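Analysis of the macromolecular model
Spelled out from the first residue to the last, the chains are:
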Protein chains: 2
Amino acid sequence: MANAFPENSVGLVRPEVFHFDTPLTLANGRQLAHYDLVVETYGQLNAAKSNGVLICHALSGHHHAAGYHTEEDRKAGWWDHYIGPGKPIDTNRFFVVSLNNLGGCHGSTGPQSINPETGEPWGADFPTLRVRDWVATQHRLMQRLGISQWAAVVGGSLGGMQAMRWSLEYPDCLRHCVVIASAMKLSAQNIAFNETARQAIFSDPDFASGHYLKQGSQPTRGLSVARMIGHITYLSDDGMGKKFGRELRSGSFEQGNEEPVEFQIESYLRHQGNSFSKTFDANTYVLMTRALDYFDLAREYNHDPVAAFRNAKSKFLVISFTSDWRFSPERSREIVNALTRAGRDLAYAEIESPFGHDAFLVPNQPRYEALFRSYMQGISI
Amino acid sequence: MANAFPENSVGLVRPEVFHFDTPLTLANGRQLAHYDLVVETYGQLNAAKSNGVLICHALSGHHHAAGYHTEEDRKAGWWDHYIGPGKPIDTNRFFVVSLNNLGGCHGSTGPQSINPETGEPWGADFPTLRVRDWVATQHRLMQRLGISQWAAVVGGSLGGMQAMRWSLEYPDCLRHCVVIASAMKLSAQNIAFNETARQAIFSDPDFASGHYLKQGSQPTRGLSVARMIGHITYLSDDGMGKKFGRELRSGSFEQGNEEPVEFQIESYLRHQGNSFSKTFDANTYVLMTRALDYFDLAREYNHDPVAAFRNAKSKFLVISFTSDWRFSPERSREIVNALTRAGRDLAYAEIESPFGHDAFLVPNQPRYEALFRSYMQGISI
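Small disclaimer: the values here were computed from a predicted structure and weren't measured. (Residues numbered from 1 in each chain as written. Chains lettered and ligands numbered in written order. Predicted model: local features only at pLDDT ≥ 70, side-chain atom pairs only at ≥ 80, totals over all residues.)

**Some thoughts on the overall build of chain A**
If you tally the helices and strands in chain A, you get eleven helices and 16 strands. Against the globule reference of 21 Å for 381 residues, chain A gives a C-alpha radius of gyration of 21 Å, in line with a compact fold. Along the three orthogonal principal directions, the C-alpha set of chain A runs to about 75 × 60 × 50 Å. Residue burial in chain A is summarised as follows: out of 381 residues, 55% are buried. Within chain A, contacts between residues separated by at least 24 positions form 70% of all contacts whose residues are at least 6 apart in sequence. (Helix = DSSP H or I, 4+ residues; strand = E, 2+ residues; numbered from the N terminus. Rg over C-alpha atoms; globule rule 2.2 N^0.38 Å. Buried ≥ 20, exposed ≤ 12 C-beta atoms within 10 Å, placed from the backbone. Contact = placed C-beta atoms within 7 Å.)

Structural data, given as structure tokens:
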């Protein structure tokens, strides 16, 4: 059967497992003796090894950012609209590297992996991770690939936090830092949503204190509610209103009619929660939300983001979206202000968009695409 | 021991049960043969019976709006800051009536009551209610009290919806309608939060499809998560940030320190959820959130709020709070626009406040208090 992938797709891609057996000491002092990272790459590394672009994923992301896994696969990677030949992250120019972060549930070592000390799945005993731990493992991956400097490190949301941390921890290892819909730290409200999601998971009896794999259960109900909470915060009030409004899926408000009423938004959200809960690992969800909560760019710089960014050497592109209330444009302007005062070279755009926090993933936003493309085209390789 | 209640308190109050045995046909066609309402009153009904003020409560409210239940009681009713001698709703002038709505869990007939047909608690079989059903029962209560017209019907949030419904259903039975932090209908996002809260309850195995009383369990975990979700939406992002920020309750981010980190906001929210789940009924929570979702002021007026308000005869006071994102000032301005175009007499104030949706309950907001007091003082009795 003929390959019917779109012309501007990276096409068929195959994830690769990289094994690391140099022990890794984590931010909290614990040590991992060895670990695997699952990685996809798109495009070709040039001879100078100067065209590498690292993609950092967000809370529920993974390594499969672009292309298809089989000839029959019709569901492209999560950022396929922005990675490919001629797309903003142009694989005709760049060698794009995308991984599932440590602690993930898509093949990299995480809570579902076997704890070598017990022979059982790690479950809730998997170490708590910080963004800096991911950046450390990504740095090792870079070295393994023979790359000494990324053309760019790119990420949205939690991915943007990794990109910023790269610019501080390994300032010589990236020329550009692209930070989309992100923040230097979470607000109390952000943490509150994450904690409520975690409590939904913890309170599911099938969670079994995080050792559900051992007992053969899955906390799908708790994880589903957690995802519903998250999902609301990814969309904008207006966007949700325009898409669903108060449309009914079933039932009637006619007086005297006892048929139960269900709004479209209710069944949509439940569907989102249910699907997610069958494919994602609850311990990973807890781990990723904690990494989000714990991230505080300037904590080790006396809480001064200007002092923090004085350590950076890369150029920056910062993008925010008007209707994003999870990480609002105000959060991006804080990044921009700190970068400016630290004397960094930067571009900033606040994109008019109705898609809320999810906007960084949504296609067909001409201004976002044009700006993103134009910035990436300007990166010399 | 001497009575040490504050001077401007209504002091000791005693709830009274009113039994109604005229069958009530509900909006959905079902019928209740008889029911009880628990009621508190503050102040004295004047000879002309013209000074009655009805208080309509919000989602988790009840009849105990002011004063104390025992001499030792140090926790006043939920709106004590605004009801009492010399307070905005001045009990020296007004006879204030506050009830627990039908379907509630504080003594009025609801899911915890015995279903006369089965001899068992109603549980999830208690009829789904609409705001108009509450207003119908409140109208019967008014008649029972010998009142033919309220000086004012007053409510915040879901209570404001009841006040507006009063103005349409019984236009001759109120002279003033006070609508605080409310909306003519919920947005898709509002419904999404409510549905997520319900799913948290439904997914608790102890909920037992709503028949937990029969099986002797309580879905406290699910109700606790539901309350956490709600609570986040009652506070503003800024307010939460100012009160809790990223302060830690325990643990440390020091590198190499394995002690788990807990933010203040996390333990605060969990505490709110846990306390609530021990005193509130899960079926009532489901019922109240559905009534919120279902409310649509103008549904029976061809979705034209101007046409709806043409049926009203009362004067209106509408109040919103700048940081309220659950029912934002925009929602109140929609009410005001419709009232204006319908030719109604109205006053509107958008109060600068950091307290989010909860602002209508929070004391020591001089502009809110002054405006509320001044409007209520202007009501002739």
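There's plenty left to go through after this.
**Some words on the relation of the copies chain B and chain A**
Between the two copies, chain B and chain A, the superposition gives an RMSD of 0.0 Å; the rotation angle is 180° and the shift along the axis is 0.0 Å. What the rotation and shift describe, once combined, is the action of a two-fold rotation axis. Take the interface residues of chain B: 100% of them recur as interface residues in chain A, which is what a same-surface contact looks like. (Least-squares fit on C-alpha atoms with pLDDT ≥ 70 in both.)

**Observations regarding the environment of Leu371(A)**
For Leu371(A), the location among the structural elements is in helix H11 (residues 366-377). Distance from Leu371(A) to Ser236(A), taken between C-alpha atoms, is 22 Å for residues 135 residues apart in sequence.

**Examining helix H7 (residues 282-294) of chain B**
An ideal rise of 1.5 Å per residue puts 18 Å on 13 residues; H7(B) measures up with 18 Å between its terminal C-alpha atoms. Most of H7(B) sits inside the fold, with 13 of its 13 residues counted as buried. (Expected span 1.5 Å × (residues − 1).)

**What about the sheet that holds strand E4 (residues 35-42) of chain A?**
Residue and element names in this part refer to chain A. Spatially, E1-E4-E8-E5-E11-E12-E15-E16 is the arrangement adopted by the eight strands of the open sheet, whose pairing is mixed. With one partner strand each, in any of the chains shown, strand E1 (16-20) and strand E16 (346-351) form the two edges of the open sheet. On average, each strand axis in the sheet is inclined to that of its neighbour by 20°, with strand direction left out of account. As defined by bridge partners, E4 adjoins strand E8 (residues 95-99) across four bridges and the pair is classed as antiparallel. The residue of E8 that forms the bridge with Val39 is Leu99. (Pairing = 2+ DSSP bridges. Axes fitted to C-alpha atoms, helices over the stretch in contact; angles between N-to-C directions.)

**Things to note about the interface of chain B and chain A**
Each side of the interface is counted separately: chain B has 43 residues, and chain A has 43 residues. Listed by contribution, the elements that provide at least two residues to the side of chain B that touches chain A are helix H3 (188-202), helix H4 (220-234), helix H5 (237-244), helix H6 (264-279) and H7 of chain B. If you tally residues by element for the side of chain B that touches chain A, the top one is H3(B), at nine residues. Among the residues forming the side of chain B that touches chain A, the class breakdown is 19 nonpolar, twelve polar and twelve charged. (Nonpolar A, V, L, I, M, F, W, Y, C, P; charged D, E, K, R; others polar.)

**Observations concerning unusual backbone geometry**
Here Ala181(A), not a glycine, exhibits a phi torsion of approximately 50°, which is positive. Here Ala181(A) is to be found in the loop between strand E12 (176-180) and helix H3 (188-202). Taking the number of C-beta atoms within 10 Å as the measure of exposure, Ala181(A) has 31 and is therefore buried. Positive phi, normally seen in glycine, also occurs at Ser209(B), with a value near 55°. Mapped onto the secondary structure, Ser209(B) falls in the loop between H3 and H4.

**Remarks on the domain arrangement of chain A**
Residues and elements named next belong to chain A. If you check the domain split of chain A, you get domain 1 (16-188 + 296-377) and domain 2 (193-288). Relative placement of domain 1 and domain 2: their C-alpha centres are 26 Å apart. Taken together, the contact pairs 23 residues of domain 1 with 18 residues of domain 2. Its residues placed into classes, the side of domain 1 that touches domain 2 shows ten nonpolar, ten polar and three charged. (Domains from an automatic or database assignment.)

**Some points on the packing of H3(B) against H4(B)**
Residues and elements named next belong to chain B. Where H3 meets H4, the closest approach of the two axes is 7 Å, and the angle between their N-to-C directions is 160°. One way to sum up the angle between H3 and H4 is to call them roughly antiparallel. Taken as a pair, H3 and H4 cross one another with a handedness that is right-handed. Note on element contacts: H4 touches H3 through Gly222, Leu223, Val225, Ala226, Ile229, Gly230 and Thr233, opposite Phe193, Thr196, Ala197, Ala200 and Ile201. Split into classes, the residues belonging to the contact of H3 with H4 amount to eight nonpolar, four polar and no charged. (Parallel < 35°, antiparallel > 145°, perpendicular 65-115°, else oblique. Left-handed = near helix turned anticlockwise from the far one by under 90°.)

**Remarks on the environment of Ala347(A)**
Turning to its location among the elements, Ala347(A) is positioned in strand E16. As a C-alpha pair, Ala347(A) and Ser224(A) span 123 residues in sequence and 38 Å in three-dimensional space.

**What to know about the confidence of the model for chain A**
On average, residues of chain A score 96 in pLDDT, and 99% of them are at 70 or above. The ipTM value of the predicted complex is 0.95, and its pTM value is 0.96. (pLDDT = per-residue confidence, 0-100.)

**Observations concerning helix H7 (residues 264-279) of chain A**
Note on helix geometry: an α-helix contains 3.6 residues per turn, so any two residues three or four positions apart are oriented the same way. Counted at 1.5 Å a residue, the expected span for H7(A) with its 16 residues is 22 Å, and the 23 Å between its end C-alpha atoms agrees. Next to the buried residues of H7(A) lie helix H5 (220-234), helix H6 (237-243) and strand E14 (262-263) of chain A together with H3 of chain B.

**A few points about the sheet that holds strand E12 (residues 174-180) of chain B**
Residues and elements named next belong to chain B. The eight strands are arranged E1-E4-E8-E5-E11-E12-E15-E16 in an open sheet whose pairing can be described as mixed. In this open sheet, the two edge strands, each paired with only one partner strand, are strand E1 (16-20) and strand E16 (346-351). Between one strand axis and the next, the sheet turns by 20° as a mean value, whatever way the strands run. Where E12 meets strand E15 (residues 315-321), five bridges bridge the pair, whose relative direction is parallel. Within E15, the residue paired with Cys177 across the bridge is Phe316.

**Observations concerning the environment of Phe207(A)**
Residues and elements named next belong to chain A. Tracing the sequence through the fold places Phe207 in the loop between H3 and helix H4 (212-215). When the C-alpha atoms of Phe207 and Ser217 are compared, they prove to be 7.5 Å apart, with ten residues separating the residues in sequence. Dropping the residues within four chain positions of it, Phe207 is found in contact with Ile201, Phe202, Tyr212, Pro219, Gly222 and Ala282.

**Considerations on the pairing of E12(A)**
Residue and element names in this part refer to chain A. By the criterion of burial, E12 is predominantly enclosed, with five of the five residues buried. When strand E11 (residues 152-156) meets E12, the two strands line up parallel, connected through four bridges. Bridged to Gly155 within E12 is Val179. As a crossover connection, the stretch from E11 through helix H2 (residues 158-169) into E12 is right-handed. (Right-handed = clockwise from strand over helix to strand, strands pointing away.)

**A look at the pairing of strand E5 (residues 52-56) of chain A**
Residue and element names in this part refer to chain A. Where burial is concerned, most of E5 is hidden: five out of the five residues are buried. The side-chain alternation of E5 yields two buried faces, one formed by Gly52, Leu54 and Cys56 and the other by Val53 and Ile55. As defined by bridge partners, E5 adjoins E8 across four bridges and the pair is classed as parallel. Counted as the bridge partner of Val53 is Val96 from E8.

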